[in-house]
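Chain residues, written in single-letter form:
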Amino acid sequence: MEDWRSAIGNGSDRRKFLKATGALGIAGLAGCTGGGDGGDGEDTEGTEESGGGSGGDTEESGGGDGGSDSVSWTIGTSGPDSATHASGVAMSQVISENSDMIDMSAQTTGGTAANLPLIADGELDIAQSTSWGVVQGNAGNAPYQDGLSKVMTQVLPFMSIEYFLIKRDVEELSDIQSVSDIPQDGSINMAFGNRGGTNYFAGVDAFELSGIENPEEKYNISSMDWGSQSAAIRDGRLDICMGYTVSQVTTVGWEQEVDATTEIDVVEWEFDESDIADSGMPYVYLEAPADVWEQDISVDQIPSLGVGYETVFPAEISQELAYEFVSVVNDNIDQVRNASAVLEGAGPELTQQLTLASPDAPVHPGAEQFMKEEGLWSDDLTTLEEYESNQ
């Protein structure tokens, strides 16, 4: 089987997604939060202390009637300019066109972190979110301290995101090479993207993994969508911001605009693989290649905080329906891959590599059945039965 990262790298030019991606016309793929072009879109600026948010309009339907006895699902995505939205629309089309049991449509939302409370509140049936969100939601950790009324389960990973910091490469910031070099006097303006997305909480956690506790109290950190963040670092209103690669092979549209217009460099985290492994946090240590940038970066590999992005189901959905979803999507995986260049690695091998082994991240029985049939299952993973028996 071809390595999933190679499939992405060989299947298209790394920057192909700046062009229209299929019928979706996505210009600035983000994969994390709403609003990719500077507009406020589906942003959740007011959700600093909560993963919640209101869903957007259901704007993309898979088409197909699914049969008279089928269920009708809404899958929450994120902003319209995101890879998570592209994946949700593609999966909706695949399911509605090929399943006799499920009809599905995609709905924009405030972000992947905001989607889980929307599932719990019954405003969404399923959602594109993260393994991080599943763990935090089930464990009642920030930003879900109030708890979720439903158990969240892992179903189908479709990409990874590798988070790091970039800065304007200017003389006044030349002494900032790692996060401990950043002054804590409010003189440095930073942003981690939008607070409605996993990216923001990953940024906070990365500082704490680097030995800096309560970074929101020590730094001037703004919440803004990726398009606004891009414009702000280009014109000097931001000094440092969150950047990322997708599946360790490519940057995205807003970053490429920065790359073409602004001299930048990396601000390194101060953790290593063992720090993440020992932390118990739902992340993996990954290294993003620096050669995805057109300009020279001071390191060859960028230490990054890795997060798996995946379709999440509430545990109450039946095994039969979940198995149908996973099977039909995988049987038609090329349609999902074609929705966006950053999704070209989606498929069984990615499922095996990114399904998180955590006692707080159970795998849905339908996904478990599929993984076992395809030889993808690991005994390190947590079944829903095991999770429930420990509650």
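Being a predicted model, the structure only gives us computed values, none of them experimental.

### Section: the overall build of the protein
Step number 1: What the protein contains, in helices and strands, is 14 helices and 11 strands.
Step number 2: Burial statistics for the protein: of 391 residues in total, 61% are counted as buried.
Step number 3: Put simply, of all contacts in the protein between residues at least 6 apart along the chain, 78% involve residues at least 24 apart.
Step number 4: Working note: accessible area of the protein is about 14,400 Å², and carbon and sulfur atoms make up 39% of it.

### Description of the pattern of salt bridges
Step number 1: Within this structure, the stated rule accounts for 6 salt bridges.
Step number 2: With a closest N to O distance of 3.0 Å, Glu-316 and Lys-150 form a salt bridge. Of this pair, Glu-316 sits in the loop between strand S11 (301–314) and helix H10 (319–331) while Lys-150 is found in the loop between helix H4 (131–139) and strand S5 (152–168), placing the two residues 166 residues apart along the sequence.
Step number 3: Among the residues examined, Glu-316 registers a relative accessible area of 56% and is labelled exposed.
Step number 4: Taking the relative accessible area as the measure of exposure, Lys-150 reaches 21% and is therefore partly exposed.

### Let's talk about the environment of Val-246
Step number 1: Note that Val-246 resides in strand S8 (residues 240–246).
Step number 2: Sequence separation between Val-246 and Ala-288 is 42 residues, and the spatial gap between their C-alpha atoms is 8.7 Å.

### A closer look at the nonpolar core
Step number 1: Membership of the largest hydrophobic core comes to 107 residues, with the highest contact counts inside it found for Ile-182, Phe-207 and Phe-325.
Step number 2: At 10 residues, the largest contribution of residues to this core is made by S5.
Step number 3: Each residue touching Phe-207, except ones within four places of it in the same chain, is listed here: Leu-165, Val-179, Ile-182, Met-190, Phe-192, Ile-212, Pro-215, Tyr-219 and Trp-269.

### Focus on the environment of Asp-331
Step number 1: The topology assignment puts Asp-331 in helix H10.
Step number 2: Residue Asp-331 is classed as exposed on the basis of its relative accessible area of 65%.
Step number 3: In this structure the C-alpha to C-alpha distance between Asp-331 and Gly-347, which are 16 residues apart in sequence, comes to 9.4 Å.

### Things to note about the layout of surface pockets
Step number 1: Looking at the second largest pocket, its volume works out to about 230 Å³.
Step number 2: Lining the second largest pocket are 15 residues; nearest its centre among them are Met-281, Pro-282, Tyr-283, Leu-356 and Ala-357.
Step number 3: At the level of elements, helix H9 (273–279) and strand S10 (284–289) are the ones that each hand at least two residues to the lining of the second largest pocket.
Step number 4: Ranked by the residues each element gives to the lining of the second largest pocket, the list is headed by H9, at 3 residues.

### Some words on a negative patch on the surface
Step number 1: Among the surface-exposed residues, Glu-171, Glu-172, Asp-175, Asp-181 and Glu-270 lie close enough to one another that they form a single negatively charged patch.
Step number 2: Structurally, Asp-175 is set in the loop between S5 and strand S6 (189–191).

### A short note on H10
For an α-helix, the turn length of 3.6 residues means that residues three or four places apart are oriented alike.
Step number 1: With 13 residues, H10 extends 18 Å between its outermost C-alpha atoms, agreeing within 8% with the 18 Å of an ideal straight helix rising 1.5 Å per residue.
Step number 2: Where H10 is concerned, the buried positions are Leu-321, Ala-322, Glu-324, Phe-325, Val-326, Ser-327, Val-328, Val-329 and Asn-330.

Each value, and the rule that gives it
Residues numbered from 1 in each chain as written. Predicted model: local features only at pLDDT ≥ 70, side-chain atom pairs only at ≥ 80, totals over all residues. Heavy atoms only, no water. Helix = DSSP H or I, 4+ residues; strand = E, 2+ residues; numbered from the N terminus. Buried < 20%, exposed > 50% of the residue type's maximum accessible area, 1.4 Å probe, protein only. Contact = heavy atoms within 4.5 Å. Areas by Shrake-Rupley, 256 points an atom, 1.4 Å probe, with all protein chains shown as cover. Salt bridge = Lys/Arg side-chain N within 4 Å of Asp/Glu carboxyl O. Core = buried A, V, L, I, M, F, W, Y, C linked by side-chain atoms within 4.5 Å. 1 Å grid on protein atoms, 1.4 Å probe; cavity = no way out; pocket = protein on both sides within 12 Å on 5 of 7 lines; lining within 4 Å. Points joined across faces, edges and corners; volume = space filled by probe spheres on them. Patch = residues over 30% accessible without salt bridge, like charges linked within 9 Å, V, L, I, M, F, W, Y side chains within 5 Å. Lys, Arg positive; Asp, Glu negative; His and termini not counted. Charge placed at Lys NZ, Arg CZ, Asp CG, Glu CD. Expected span 1.5 Å × (residues − 1).

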